[in-house]
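# Close look at the chain arrangement
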Amino acid sequence: MNSFVNTSEQIVQVVTIICMVVISISIILLMYRVIVGPTNPDRAVALDAIGINLMALAGLVAILLLTTRLNDVILLIGILLFIGTVAFSKYLEMGVVIDRDLD
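Residues numbered from 1 in each chain as written. Predicted model: local features only at pLDDT ≥ 70, side-chain atom pairs only at ≥ 80, totals over all residues. Heavy atoms only, no water.

## Overview of helix α3 (residues 71-94)
Under the convention used in this document: A helix here means a DSSP run of H or I that spans at least four residues, while a strand means a run of E at least two residues long, and both kinds are numbered starting from the N terminus. In this analysis, the expected span of each helix is defined as 1.5 Å times one less than the number of residues it contains.
The end-to-end C-alpha distance of α3, which contains 24 residues, comes to 35 Å, matching closely the 34 Å that a straight helix rising 1.5 Å per residue would cover. Of the residues trailing α3, Gly95 is marked for its positive phi of about 90°.

## Points about helix α2 (residues 40-65)
As a reminder of what qualifies: Relative accessibility under 20% of the residue-type maximum defines a buried residue, over 50% an exposed one, and the middle range a partly exposed one, all with a 1.4 Å probe and only protein chains included. In what follows, residue pairs with any heavy atoms lying within 4.5 Å of each other are defined as contacts.
Over its 26 residues, α2 runs 37 Å from end to end, which matches the ideal 38 Å to within 8%, given 1.5 Å per residue. Those residues of α2 that fall on the buried side of the exposure criterion are Ala44, Ala46, Ile50, Gly51, Asn53, Leu57, Ala58, Gly59, Leu60 and Ala62. Its buried side turned inward, α2 meets α1 (2-36) and α3. Residue Leu66 follows α2 closely and has a positive phi angle near 55°.

## As for unusual backbone geometry
Excluding glycine, a negative phi dihedral is what most residues carry, and trans is how most peptide bonds are arranged. Phi at Leu66 takes a positive value of approximately 55°, unusual for a residue other than glycine. Structurally, the position occupied by Leu66 is in the loop between α2 and α3. For Leu66, a relative accessible area of 78% corresponds to the exposed category.

## Brief notes about the UniProt feature "transmembrane region" (unreviewed entry) in the protein
To be explicit about the condition: UniProt positions are given in the numbering used here, feature names are shortened, and annotations may be inferred rather than shown by experiment.
Here, UniProt's "transmembrane region" (unreviewed entry) annotation points to residues 12-32, 44-67 and 73-92. The distance from the first to the last C-alpha atom of residues 12-32 is 30 Å, and the span holds 100% helix and 0% strand.

## Some points on the side chain of Asn53
With respect to the secondary-structure elements, Asn53 resides in helix α2. Contact partners of Asn53, with chain neighbours within four places excluded, come to Ile23, Ser26, Ile27 and Leu30.

## A few points about the side chain of Thr16
Relative to the helices and strands, Thr16 resides in helix α1. You can call Thr16 buried: its relative accessible area is 5%. With residues up to four places along the chain from it excluded, the contact list for Thr16 reads Leu60, Ile63 and Leu64.

Shown next as structure tokens:
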């Protein structure tokens, strides 16, 4: 039974490292899209995808380290990503983020 547990732990570690490498390559390619992107909405989508990939990396690190302490970090990244997306989309639509009506 111990050999099965050891084998499964090794498989989880190898798969986690492979996933981390693939996500890192994805982040590099998305950085290219942020820099070269032909339009601002393309850049916004790439930034959202980078944030999602960062959440995935934090989750994979938590799996690799066998801890649950990174769950708060994952939630924080998600909340900041949502607020940034809303602000950026409002800026693209209206040209300002905060409306100041001086009636």
